[in-house]
Amino acid sequence: MKNLKTVKSAIKSICRNPTRTFLTTLGIIIGIGAVIALMEIGNGAQVSLSQNMETMGVNNINIMPGRSTKGGVNSGAGARVNLTYKNVETIRQKAKYVSKVSPNVSVRGQIIYKNKNWNPASAINGVNTDFFEIANWKIDRGVFFTNEMVQRGAKVCLIGQTVVNELFGTEDPIGKDIRVQNVNFKVIGT
């Protein structure tokens, strides 16, 4: 009986003040929607961060060459080429807990295909076949290069989706030649 009186009183108040009822309901809906949106944005950011960490590798060690100073000018880390392929092989053979090793030669430069060119924001990297497993890279189309290609210094490359979009558009890049700092490379994968 008491509950029935409460319900009747609530319905009278709702009917007597429709604007207040509408605004209260709208406030509740917006509040709940905002909380849901923030939770989903937070979850999306967490997933994206986890994927980025997985791609970078949580158990990777990067060894960079030292810096050099000449005539009082410090050229910064990595300017001195004092790491060699022999160092890579020594790490591979003697480091007990190292399973994969990849040298990485980075350059900056313009990538050219026919009459189009693109200057990527990130460096252009030369690596060996271990790199794909270290970085957890997956190939979309084409193939990864092989150890044989690395050993004979084959001029082949894999390109990312941004380079595909900027230089090739809808054209299939596999098998095409691109030029990086006056050196031609055949695209074998994306």
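Residues numbered from 1 in each chain as written. Predicted model: local features only at pLDDT ≥ 70, side-chain atom pairs only at ≥ 80, totals over all residues. Heavy atoms only, no water.

Draft legend 1. Representation of the overall build of the protein within the structure. Broken down by element type, the protein carries 6 helices and 9 strands. Considering the protein as a whole, with its 190 residues, one finds that 16% of them fall into the buried category. Summarising the internal contacts of the protein: among those between residues at least 6 apart in sequence, 47% fall at separations of at least 24. (Helix = DSSP H or I, 4+ residues; strand = E, 2+ residues; numbered from the N terminus. Buried < 20%, exposed > 50% of the residue type's maximum accessible area, 1.4 Å probe, protein only. Contact = heavy atoms within 4.5 Å.)

Draft legend 2. The packing of aromatic side chains, seen in detail. One pass over the structure, following the stated rule, counts 6 aromatic pairs. Seen from their ring centres, tyrosine 113 and phenylalanine 168 are 4.3 Å apart, and the 40 degrees between their planes marks the pair as tilted. With tyrosine 113 in strand E4 (residues 111–113) and phenylalanine 168 in helix H6 (residues 161–168), this pair connects stretches of sequence that are 55 residues apart. Like tyrosine 113, the residue phenylalanine 168 is buried in the burial classification. (Phe/Tyr/Trp six-rings, centres within 6.5 Å; stacked < 30°, edge-to-face > 60°.)

Draft legend 3. Representation of the side chain of asparagine 128 in the model. Within the element layout of this structure, asparagine 128 appears in the loop between strand E6 (124–126) and helix H4 (130–134). Separated by 3.0 Å, the side chain of asparagine 128 and the backbone nitrogen of aspartate 130 make a polar contact. Excluding anything up to four places from it in sequence, asparagine 128 contacts Tyr85, Arg92, Val101, Ser102, Pro103, Phe145 and Val150. (Polar contact = N/O pair within 3.5 Å; in protein donor to acceptor, adjacent residues only side chain to side chain.)

Draft legend 4. View of the sheet that holds strand E8 (residues 177–180). On the basis of which strands lie adjacent, the open sheet formed by 5 strands has the order E5-E4-E8-E9-E7 and mixed pairing. Of all strands in the sheet, those bounded by a partner on one side alone are strand E5 (116–118) and strand E7 (156–158). Strand after strand, the sheet turns through a mean of 40 degrees between neighbouring axes, direction not considered. Pairing analysis gives 2 bridges linking E4 to E8, with the strands arranged antiparallel. Among the inter-strand pairings, isoleucine 111 is bridged to a residue of E8, identified as valine 180. Running at roughly 150 degrees to E5, H6 makes contact with E4, E5 and E8 of the sheet. (Pairing = 2+ DSSP bridges. Axes fitted to C-alpha atoms, helices over the stretch in contact; angles between N-to-C directions.)

Draft legend 5. Representation of the pairing of E8 within the structure. The two faces of E8 differ: Ile178 and Val180 on one face are buried, but Asp177 and Arg179 on the other face are not. As paired elements, E8 and strand E9 (residues 183–189) share 4 bridges and run antiparallel to each other. Pairing of aspartate 177 across the sheet is with lysine 186, part of E9. The turn joining E8 and E9, which pair antiparallel and follow one another in sequence, is formed by 2 residues; a positive phi near 45 degrees is taken by glutamine 181.

Draft legend 6. The arrangement of unusual backbone geometry in detail. At glutamine 181, a position not held by glycine, the phi torsion is positive, near 45 degrees. Of note, glutamine 181 is situated in the loop between E8 and E9. The class of glutamine 181 is partly exposed, set by a relative accessible area of 47%. Of note, the phi angle at asparagine 182 is positive, near 65 degrees, even though the residue is not glycine. Position of asparagine 182 among the secondary structure elements: in the loop between E8 and E9.

Draft legend 7. Geometry of helix H1 (residues 2–16). For H1, which comprises 15 residues, the first-to-last C-alpha distance of 21 Å matches the rise-based estimate of 21 Å (1.5 Å per residue) to within 8%. Where burial is concerned, little of H1 is hidden: 0 out of the 15 residues are buried. (Expected span 1.5 Å × (residues − 1).)

Draft legend 8. How the structure looks around the pairing of E9. Pairing of E7 with E9, which is carried by 3 bridges, proceeds in the parallel orientation. Counted as the bridge partner of valine 156 is lysine 186 from E9.

Draft legend 9. Summary view of the confidence of the model for the protein. Per-residue confidence for the protein averages 83 on the pLDDT scale, and 88% of its residues sit at or above 70. Per-element confidence in the protein is highest for E9, whose mean pLDDT is 91, and lowest for strand E2 (residues 73–74), whose mean pLDDT is 64. (pLDDT = per-residue confidence, 0-100.)

Draft legend 10. Highlighting the pattern of salt bridges. Taken as a whole and assessed by the stated rule, the structure comprises 8 salt bridges. Of the charged contacts, one joins arginine 141 and aspartate 172 as a salt bridge, the two residues approaching to 2.7 Å between their closest N and O atoms. A residue pair is termed long-range when its members are at least 10 positions apart, and arginine 141 in the loop between H4 and helix H5 (147–151) and aspartate 172 in the loop between H6 and E8 qualify at 31 residues. Lysine 176 is the partner of glutamate 171 in a salt bridge, and the nearest nitrogen-oxygen pair spans 3.8 Å. In the salt-bridge network here, residues are joined through shared partners; they are Glu89, Arg92 and Asp130. (Salt bridge = Lys/Arg side-chain N within 4 Å of Asp/Glu carboxyl O.)

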